[in-house]
Amino acid sequence: MAIKLVKIQDDRREQIFRELSILKRIRHKNIPKIKQIVDLGGKIAIVMEFAAGGELFHLVQRAGRLSSRQAHGIFIQILSAVDHLHTVGIAHRDIKLVY
């Protein structure tokens, strides 16, 4: 398991909890499952499956650049996850390397 702490602004609290409750129902091999959401006032704790590979940003940062084979494999996983989201009516509007 992993716990991600996220600061939230009061004016976005309802929207964030709505989005997380939707994501909690998503099941796909390339999307870590959200197990629990805990409201901590100015922050929320998101308890989720541990992603052993870590953040894509850190992988690219460590490697400097990826081989075509590595990039292809990662891109296929991303496309598979986004396709699944689209299939269930969810549009991901913020795909980026996390830093």
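Above this note sits the structure.
Cut-offs applied
Residues numbered from 1 in each chain as written. Predicted model: local features only at pLDDT ≥ 70, side-chain atom pairs only at ≥ 80, totals over all residues. Heavy atoms only, no water. Helix = DSSP H or I, 4+ residues; strand = E, 2+ residues; numbered from the N terminus. Buried < 20%, exposed > 50% of the residue type's maximum accessible area, 1.4 Å probe, protein only. Contact = heavy atoms within 4.5 Å. Pairing = 2+ DSSP bridges. Axes fitted to C-alpha atoms, helices over the stretch in contact; angles between N-to-C directions.

Here we look at the overall build of the protein
Here is step 1: Summing up its helical and strand segments, the protein has three helices and three strands in all.
Here is step 2: The helix and strand sequence of the protein, counted from the amino end, reads β-α-β-β-α-α.
Here is step 3: Projecting the C-alpha coordinates of the protein onto the three principal axes gives extents of approximately 45 × 30 × 25 Å.
Here is step 4: Looking at the protein as a whole, 17% of its 99 residues qualify as buried.
Here is step 5: In the protein, of all internal contacts separated by at least 6 residues, the share reaching a separation of at least 24 is 58%.

Focus on the sheet that holds strand β1 (residues 2-7)
Here is step 1: Taken in spatial order, the three strands of this open sheet run β1-β3-β2, and their pairing is antiparallel. Two strands in the sheet have a free side with no partner beyond their single neighbour: β1 and β2 (34-39). On average, each strand axis in the sheet is inclined to that of its neighbour by 20°, with strand direction left out of account.
Here is step 2: Two elements, β2 and strand β3 (residues 43-48), share five bridges in a ladder whose sense is antiparallel. When the sheet's bridge partners are listed, Asp-39 is paired in β3 with Ile-44.
Here is step 3: Together, β2 and β3 form the strand contacts of helix α1 (residues 13-23), whose direction differs from that of β2 by roughly 160°.

What is shown is where atoms sit, not what they do.
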